[in-house]
Amino acid sequence: MKGAAMLPVRVLWNAFFWTYERATWQYDLMVIAILAFVWLTPPDWLGDPMASGPGPVAWVLAMLTAD
Amino acid sequence: MTFTGLVGQVCMLPLRLIIGVCVALRIHPNILTFVGVLINFAAAWALGLGKFTTAGMIMVVANIFDFIDGKVAVELKAVSAFGGFWDSVIDRFSDISLFIGLIFLYSQLGRTDYVMIAALAMMFAIMTSYTRARAESLIRKCKVGFMERPERIVLFMIGAFTNRMAAVLWVILVLSVFTVADRIIYTYRELRDTQEALA
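Bear in mind that the values here come from a model prediction, so they are computed numbers and not experimental data.

J.: Break down the overall build of chain B for me, with residues and values.
T.: A tally of regular secondary structure across chain B gives seven helices and zero strands. Each helix and strand of chain B, placed in order from N terminus to C terminus, yields the pattern α-α-α-α-α-α-α. The C-alpha atoms of chain B give a radius of gyration of 18 Å, which matches the 16 Å a tight globule of 199 residues would have. Considered along the principal axes of its C-alpha atoms, chain B spans approximately 60 × 50 × 35 Å. Sorting the 199 residues of chain B into buried and exposed places 39% on the buried side.

So this is what it looks like as C-alpha coordinates:
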(Lines give C-alpha, C1' and ligand atoms only; values in the text may rest on other atoms or scores of the structure.)
Protein backbone atom coordinates (compact mmCIF):
# COMPACT_ATOMS: atom_id res chain seq x y z
CA MET A 1 0.00 0.00 0.00
CA LYS A 2 2.80 2.35 0.95
CA GLY A 3 4.63 1.40 -2.26
CA ALA A 4 1.59 2.24 -4.37
CA ALA A 5 1.15 5.56 -2.60
CA MET A 6 4.78 6.43 -3.24
CA LEU A 7 4.55 5.54 -6.94
CA PRO A 8 3.61 9.04 -8.21
CA VAL A 9 6.44 10.52 -6.16
CA ARG A 10 8.88 7.99 -7.62
CA VAL A 11 7.64 8.64 -11.16
CA LEU A 12 8.05 12.40 -10.70
CA TRP A 13 11.50 11.98 -9.14
CA ASN A 14 12.64 9.73 -12.00
CA ALA A 15 11.27 12.19 -14.55
CA PHE A 16 13.11 15.12 -13.00
CA PHE A 17 16.26 13.27 -11.97
CA TRP A 18 16.62 11.82 -15.44
CA THR A 19 19.08 8.92 -15.90
CA TYR A 20 17.49 7.03 -18.81
CA GLU A 21 19.13 6.57 -22.19
CA ARG A 22 17.60 7.65 -25.51
CA ALA A 23 15.36 5.15 -27.33
CA THR A 24 13.94 3.64 -24.13
CA TRP A 25 10.22 3.50 -23.32
CA GLN A 26 10.78 6.10 -20.58
CA TYR A 27 12.32 8.41 -23.19
CA ASP A 28 9.35 7.82 -25.52
CA LEU A 29 6.93 8.74 -22.71
CA MET A 30 8.82 11.94 -21.97
CA VAL A 31 8.81 12.87 -25.68
CA ILE A 32 5.05 12.25 -25.89
CA ALA A 33 4.47 14.40 -22.80
CA ILE A 34 6.57 17.23 -24.27
CA LEU A 35 4.88 17.07 -27.68
CA ALA A 36 1.47 17.03 -25.99
CA PHE A 37 2.39 20.17 -24.06
CA VAL A 38 3.79 21.94 -27.14
CA TRP A 39 0.93 21.06 -29.46
CA LEU A 40 -2.07 20.90 -27.15
CA THR A 41 -1.51 23.95 -24.95
CA PRO A 42 -3.52 26.83 -26.43
CA PRO A 43 -1.01 29.54 -27.46
CA ASP A 44 -3.16 32.16 -25.67
CA TRP A 45 -2.47 30.50 -22.34
CA LEU A 46 1.25 31.06 -22.86
CA GLY A 47 0.79 34.49 -24.44
CA ASP A 48 2.67 33.25 -27.51
CA PRO A 49 3.61 36.39 -29.51
CA MET A 50 3.99 34.55 -32.82
CA ALA A 51 1.58 31.59 -32.86
CA SER A 52 -1.17 31.77 -35.42
CA GLY A 53 -3.70 29.28 -36.67
CA PRO A 54 -5.18 26.28 -34.95
CA GLY A 55 -1.95 24.29 -34.64
CA PRO A 56 -0.85 20.80 -35.71
CA VAL A 57 -3.41 18.83 -33.70
CA ALA A 58 -6.27 20.82 -35.24
CA TRP A 59 -4.74 20.31 -38.72
CA VAL A 60 -4.76 16.56 -38.20
CA LEU A 61 -8.33 16.61 -36.86
CA ALA A 62 -9.43 18.73 -39.83
CA MET A 63 -7.83 16.26 -42.26
CA LEU A 64 -9.49 13.31 -40.54
CA THR A 65 -12.93 14.92 -40.56
CA ALA A 66 -12.66 16.28 -44.11
CA ASP A 67 -15.04 14.76 -46.63
CA MET B 1 11.87 -1.07 -30.84
CA THR B 2 10.81 2.24 -29.30
CA PHE B 3 9.16 5.06 -31.23
CA THR B 4 12.13 7.40 -30.85
CA GLY B 5 14.49 4.57 -31.81
CA LEU B 6 12.52 4.02 -35.01
CA VAL B 7 12.57 7.75 -35.84
CA GLY B 8 16.34 7.76 -35.26
CA GLN B 9 16.85 4.79 -37.60
CA VAL B 10 14.70 6.34 -40.35
CA CYS B 11 16.66 9.62 -40.09
CA MET B 12 19.93 7.70 -40.29
CA LEU B 13 19.15 6.39 -43.81
CA PRO B 14 19.71 9.66 -45.72
CA LEU B 15 22.43 10.70 -43.28
CA ARG B 16 24.46 7.58 -44.10
CA LEU B 17 24.34 8.62 -47.74
CA ILE B 18 25.56 12.15 -46.94
CA ILE B 19 28.31 10.77 -44.69
CA GLY B 20 29.38 8.50 -47.56
CA VAL B 21 29.58 11.48 -49.94
CA CYS B 22 31.63 13.53 -47.46
CA VAL B 23 34.00 10.61 -46.88
CA ALA B 24 34.37 10.04 -50.64
CA LEU B 25 35.19 13.74 -51.11
CA ARG B 26 37.50 13.59 -48.05
CA ILE B 27 35.99 16.73 -46.53
CA HIS B 28 37.70 17.44 -43.23
CA PRO B 29 35.27 17.11 -40.28
CA ASN B 30 36.40 20.45 -38.78
CA ILE B 31 35.27 22.15 -41.98
CA LEU B 32 31.87 20.43 -41.73
CA THR B 33 31.57 21.71 -38.14
CA PHE B 34 32.39 25.25 -39.24
CA VAL B 35 29.97 25.18 -42.18
CA GLY B 36 27.30 23.95 -39.75
CA VAL B 37 27.68 26.98 -37.49
CA LEU B 38 27.58 29.38 -40.45
CA ILE B 39 24.29 27.84 -41.59
CA ASN B 40 23.00 28.04 -38.02
CA PHE B 41 23.73 31.79 -38.06
CA ALA B 42 21.44 32.00 -41.09
CA ALA B 43 18.76 30.09 -39.15
CA ALA B 44 19.16 32.54 -36.27
CA TRP B 45 18.75 35.41 -38.72
CA ALA B 46 15.51 33.89 -40.02
CA LEU B 47 14.26 33.38 -36.46
CA GLY B 48 15.06 37.02 -35.73
CA LEU B 49 12.91 38.04 -38.69
CA GLY B 50 10.07 35.79 -37.48
CA LYS B 51 10.37 33.52 -40.54
CA PHE B 52 10.00 30.32 -38.58
CA THR B 53 9.41 27.87 -41.44
CA THR B 54 12.50 29.15 -43.28
CA ALA B 55 14.46 28.99 -40.03
CA GLY B 56 13.30 25.40 -39.51
CA MET B 57 14.45 24.36 -42.96
CA ILE B 58 17.84 26.05 -42.49
CA MET B 59 18.19 24.38 -39.08
CA VAL B 60 17.64 20.96 -40.68
CA VAL B 61 20.52 21.60 -43.11
CA ALA B 62 22.78 23.08 -40.39
CA ASN B 63 22.24 20.17 -38.09
CA ILE B 64 22.99 17.63 -40.79
CA PHE B 65 26.50 19.13 -40.83
CA ASP B 66 26.49 19.21 -37.07
CA PHE B 67 25.51 15.56 -36.84
CA ILE B 68 27.75 14.07 -39.49
CA ASP B 69 31.05 15.75 -38.56
CA GLY B 70 31.86 13.21 -35.84
CA LYS B 71 30.86 10.26 -38.00
CA VAL B 72 32.95 11.54 -40.93
CA ALA B 73 35.90 12.00 -38.55
CA VAL B 74 35.62 8.34 -37.54
CA GLU B 75 35.31 7.14 -41.15
CA LEU B 76 38.27 9.23 -42.29
CA LYS B 77 40.27 8.23 -39.19
CA ALA B 78 40.61 11.95 -38.47
CA VAL B 79 39.42 11.83 -34.85
CA SER B 80 41.51 14.23 -32.78
CA ALA B 81 41.41 15.92 -29.38
CA PHE B 82 41.29 19.29 -31.09
CA GLY B 83 38.38 18.13 -33.26
CA GLY B 84 36.38 17.32 -30.12
CA PHE B 85 37.25 20.67 -28.58
CA TRP B 86 36.46 22.55 -31.80
CA ASP B 87 33.11 20.77 -32.11
CA SER B 88 32.11 21.63 -28.53
CA VAL B 89 33.06 25.28 -28.90
CA ILE B 90 31.31 25.67 -32.25
CA ASP B 91 28.20 23.94 -30.87
CA ARG B 92 27.94 26.63 -28.19
CA PHE B 93 28.03 29.34 -30.88
CA SER B 94 25.25 27.52 -32.75
CA ASP B 95 23.16 27.17 -29.58
CA ILE B 96 23.57 30.77 -28.53
CA SER B 97 22.92 32.19 -31.99
CA LEU B 98 19.46 30.59 -32.17
CA PHE B 99 18.51 32.05 -28.81
CA ILE B 100 19.84 35.47 -29.84
CA GLY B 101 17.66 35.31 -32.94
CA LEU B 102 14.60 34.75 -30.75
CA ILE B 103 15.63 37.41 -28.24
CA PHE B 104 15.96 39.88 -31.11
CA LEU B 105 12.53 38.91 -32.45
CA TYR B 106 10.75 39.22 -29.11
CA SER B 107 12.46 42.52 -28.33
CA GLN B 108 11.30 43.86 -31.72
CA LEU B 109 7.78 42.79 -30.76
CA GLY B 110 8.12 44.56 -27.41
CA ARG B 111 7.64 41.28 -25.51
CA THR B 112 9.94 41.67 -22.52
CA ASP B 113 8.48 38.54 -20.92
CA TYR B 114 9.62 36.32 -23.79
CA VAL B 115 12.94 38.15 -24.04
CA MET B 116 13.52 37.04 -20.45
CA ILE B 117 12.28 33.48 -21.05
CA ALA B 118 14.56 33.11 -24.10
CA ALA B 119 17.49 34.64 -22.19
CA LEU B 120 16.97 32.31 -19.21
CA ALA B 121 16.58 29.31 -21.52
CA MET B 122 19.87 30.32 -23.18
CA MET B 123 21.60 30.62 -19.80
CA PHE B 124 20.49 27.17 -18.68
CA ALA B 125 21.24 25.63 -22.08
CA ILE B 126 24.82 26.86 -21.77
CA MET B 127 25.00 25.75 -18.14
CA THR B 128 23.80 22.28 -19.19
CA SER B 129 26.93 21.91 -21.32
CA TYR B 130 29.20 23.62 -18.81
CA THR B 131 28.12 21.53 -15.82
CA ARG B 132 28.81 18.32 -17.72
CA ALA B 133 32.18 19.50 -19.04
CA ARG B 134 33.27 20.70 -15.59
CA ALA B 135 31.89 17.61 -13.84
CA GLU B 136 33.76 15.31 -16.20
CA SER B 137 37.02 17.00 -15.20
CA LEU B 138 36.28 15.70 -11.67
CA ILE B 139 34.34 12.46 -12.21
CA ARG B 140 34.33 9.85 -14.95
CA LYS B 141 30.94 10.56 -16.52
CA CYS B 142 28.08 12.99 -15.90
CA LYS B 143 25.43 12.05 -18.43
CA VAL B 144 22.26 12.73 -16.48
CA GLY B 145 19.36 15.06 -17.24
CA PHE B 146 16.97 15.01 -20.18
CA MET B 147 17.50 18.29 -22.00
CA GLU B 148 20.76 17.86 -23.91
CA ARG B 149 21.71 19.49 -27.19
CA PRO B 150 19.99 17.05 -29.60
CA GLU B 151 16.70 17.42 -27.69
CA ARG B 152 17.03 21.22 -27.78
CA ILE B 153 17.71 21.23 -31.51
CA VAL B 154 14.78 18.95 -32.34
CA LEU B 155 12.51 21.07 -30.14
CA PHE B 156 13.66 24.24 -31.92
CA MET B 157 12.78 22.62 -35.25
CA ILE B 158 9.37 21.47 -33.99
CA GLY B 159 8.70 24.97 -32.64
CA ALA B 160 9.75 26.54 -35.92
CA PHE B 161 7.83 24.21 -38.24
CA THR B 162 4.62 24.21 -36.21
CA ASN B 163 4.86 27.83 -35.04
CA ARG B 164 4.80 26.91 -31.36
CA MET B 165 8.08 28.50 -30.31
CA ALA B 166 6.76 29.92 -27.03
CA ALA B 167 5.77 26.47 -25.73
CA VAL B 168 9.12 25.10 -26.91
CA LEU B 169 11.00 27.82 -25.03
CA TRP B 170 9.10 26.98 -21.84
CA VAL B 171 9.96 23.29 -22.23
CA ILE B 172 13.64 24.04 -22.91
CA LEU B 173 13.80 26.41 -19.94
CA VAL B 174 12.12 24.15 -17.37
CA LEU B 175 13.87 20.93 -18.43
CA SER B 176 17.26 22.68 -18.71
CA VAL B 177 16.88 23.92 -15.12
CA PHE B 178 16.25 20.32 -14.03
CA THR B 179 19.14 19.04 -16.15
CA VAL B 180 21.58 21.50 -14.55
CA ALA B 181 20.24 20.59 -11.09
CA ASP B 182 20.56 16.86 -11.90
CA ARG B 183 24.17 17.32 -12.89
CA ILE B 184 25.04 19.29 -9.77
CA ILE B 185 23.36 16.71 -7.51
CA TYR B 186 24.92 13.79 -9.39
CA THR B 187 28.43 15.29 -9.23
CA TYR B 188 28.02 16.08 -5.52
CA ARG B 189 26.99 12.48 -4.79
CA GLU B 190 29.78 10.98 -6.90
CA LEU B 191 32.45 13.14 -5.25
CA ARG B 192 31.04 12.42 -1.78
CA ASP B 193 31.03 8.66 -2.46
CA THR B 194 34.61 8.81 -3.74
CA GLN B 195 35.72 10.74 -0.64
CA GLU B 196 33.92 8.28 1.63
CA ALA B 197 35.54 5.34 -0.14
CA LEU B 198 38.97 6.89 0.33
CA ALA B 199 38.38 7.72 4.02
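Once the structure has been displayed, the description carries forward.
J.: Break down the overall build of chain A for me, citing the residues and quoting the values.
T.: When helices and strands are counted, chain A shows four helices and zero strands. Listing the helices and strands of chain A from first to last along the sequence gives α-α-α-α. Relative to a compact globule of 67 residues, whose C-alpha radius of gyration would be 11 Å, chain A shows 17 Å and is clearly more extended. On the principal axes, the C-alpha backbone points of chain A span a range of 50 × 30 × 30 Å. Burial status across chain A gives 7% buried among its 67 residues.

J.: Summarise the environment of Val74(B); cite the residues concerned and give the values.
T.: For Val74(B), the location among the structural elements is in helix α3 (residues 52-75). On the basis of neighbour count, Val74(B) is assigned to the exposed category, with 12 C-beta atoms found within 10 Å.

J.: Help me get a handle on helix α4 (residues 81-108) of chain B, residues and values and all.
T.: At 3.6 residues per turn, the α-helix brings residues three or four places apart onto the same side. Residues and elements named next belong to chain B. The end-to-end C-alpha distance of α4, which contains 28 residues, comes to 41 Å, matching closely the 40 Å that a straight helix rising 1.5 Å per residue would cover. Among the residues making up α4, those that are buried are Ile90, Ser94, Asp95, Leu98, Phe99, Gly101, Leu102, Ile103, Leu105 and Tyr106. Positive backbone phi, at 70 degrees, marks Gly110, one or two positions downstream of α4.

J.: Account for the nonpolar core, with residues named and values stated.
T.: Residues Ala43(B), Ala118(B), Ala121(B), Val168(B) and Ile172(B) are the most contacted members of the largest nonpolar core, which totals 50 residues. Taken together, the elements giving at least two residues each to this core come down to α2 (25-40) of chain A together with α1 (3-24), α2 (29-48), α3, α4, α5 (112-135), α6 (149-161) and α7 (165-198) of chain B. If one sorts the elements of this core by residue count, α7(B) sits on top with 10 residues. Once residues within four sequence positions are removed from consideration, Ala118(B) is found in contact with Phe99(B), Leu102(B), Ile103(B), Tyr106(B) and Leu169(B).

J.: Tell me about the interface of chain B and chain A, residues and numbers included.
T.: Facing 27 residues of chain B, the contacting portion of chain A comprises 28 residues. Looking at the side of chain B that touches chain A, the elements that each hand over two or more residues are α1, α5 and α7 of chain B. In terms of residue count, the dominant contributor to the side of chain B that touches chain A is α7(B) (eight residues). Looking at side-chain class alone, the side of chain B that touches chain A contains 15 nonpolar, eight polar and four charged residues.

J.: Outline the packing of α1(B) against α3(B), listing residues and values.
T.: Angle between the axes and distance between the axes: these two values describe a pair of packed helices. Residue and element names in this part refer to chain B. Contact pair α1 / α3: the axes reach a minimum separation of 9 Å and the direction vectors enclose 55 degrees. Classified by the angle between their axes, α1 and α3 sit oblique to one another. Note on packing geometry: the crossing formed by α1 with α3 is right-handed. The residues of α3 that touch α1, namely those facing Leu15, Ile18, Ile19, Cys22 and Val23, are Ile64, Phe67, Ile68, Lys71, Val72 and Glu75. Grouping the amino acids of the contact of α1 with α3 by side-chain chemistry returns nine nonpolar, no polar and two charged.

J.: Got a sec to walk through the packing of α2(B) against α4(B)? Specific residues and values, please.
T.: Closest axis-to-axis distance for the α2(B)/α4(B) pair is 7 Å, and the angle between their directions is 5 degrees. Taken together, the axes of α2(B) and α4(B) are roughly parallel relative to one another.

J.: Describe the confidence of the model for chain A, listing the residues and the values that go with them.
T.: On average, residues of chain A score 87 in pLDDT, and 96% of them are at 70 or above. Within chain A, the lowest mean pLDDT, 77, falls on helix α4 (residues 56-65) of chain A, and the highest, 95, falls on α2(A).

J.: Can you lay out α2(B) for me, pointing to particular residues and giving the numbers?
T.: Residues and elements named next belong to chain B. Over its 20 residues, α2 extends 29 Å from the first C-alpha to the last, a length consistent with the 28 Å expected when each residue adds 1.5 Å. If you check which residues of α2 are buried, you get Pro29, Leu32, Thr33, Gly36, Ile39, Asn40, Ala43, Ala44, Ala46, Leu47 and Gly48. Buried-residue contacts for α2 involve α1, α3 and α4. Phi turns positive one or two residues past the end of α2, at Gly50, with a value near 80 degrees.

Cut-off values and rules
- Every chain is numbered on its own, with residues counted from 1 as its sequence reads.
- Starting at A for chains and at 1 for ligands, labels are handed out in the order in which the entities are written.
- Per-residue local features are limited, in this predicted model, to residues with pLDDT of at least 70; the limit for side-chain atom pairs, both in listing and counting, is 80 or more; totals at the level of whole chains, interfaces and linings are taken over all residues.
- Only DSSP runs of H or I covering at least 4 residues are called helices, and only runs of E covering at least 2 are called strands; the numbering of each starts at the N terminus.
- Values of the radius of gyration come from C-alpha atoms, whereas the globule rule sets the reference at 2.2 Å times the count of residues to the power 0.38.
- Counting other C-beta atoms within 10 Å of its own, a residue is labelled buried from 20 upward, exposed at 12 or fewer, and partly exposed in the gap between, with every C-beta atom placed from the backbone.
- Every helix has an expected span of 1.5 Å times one less than the residues it contains.
- In plain words, the nonpolar core is the set of buried Ala, Val, Leu, Ile, Met, Phe, Trp, Tyr and Cys residues that C-beta atoms within 7 Å link up.
- We call two residues in contact when their backbone-placed C-beta atoms lie within 7 Å.
- Each residue gets one label: Ala, Val, Leu, Ile, Met, Phe, Trp, Tyr, Cys and Pro are nonpolar, Asp, Glu, Lys and Arg are charged, and the others, such as Gly, are polar.
- For helices, the axis comes from a line fit to the C-alpha atoms of the stretch in contact; other axes are also lines fit to C-alpha atoms, and the angle between any two N-to-C directions lies between 0 and 180 degrees.
- Oblique is the label for any angle not covered by the other classes, which are roughly parallel (under 35 degrees), roughly antiparallel (over 145) and roughly perpendicular (65 to 115).
- Handedness of a helix crossing follows the sense of rotation of the near helix relative to the far helix, less than a right angle counterclockwise being left-handed and clockwise being right-handed.
- A residue's pLDDT is the confidence the predictor assigns to it, expressed on a 0 to 100 scale.

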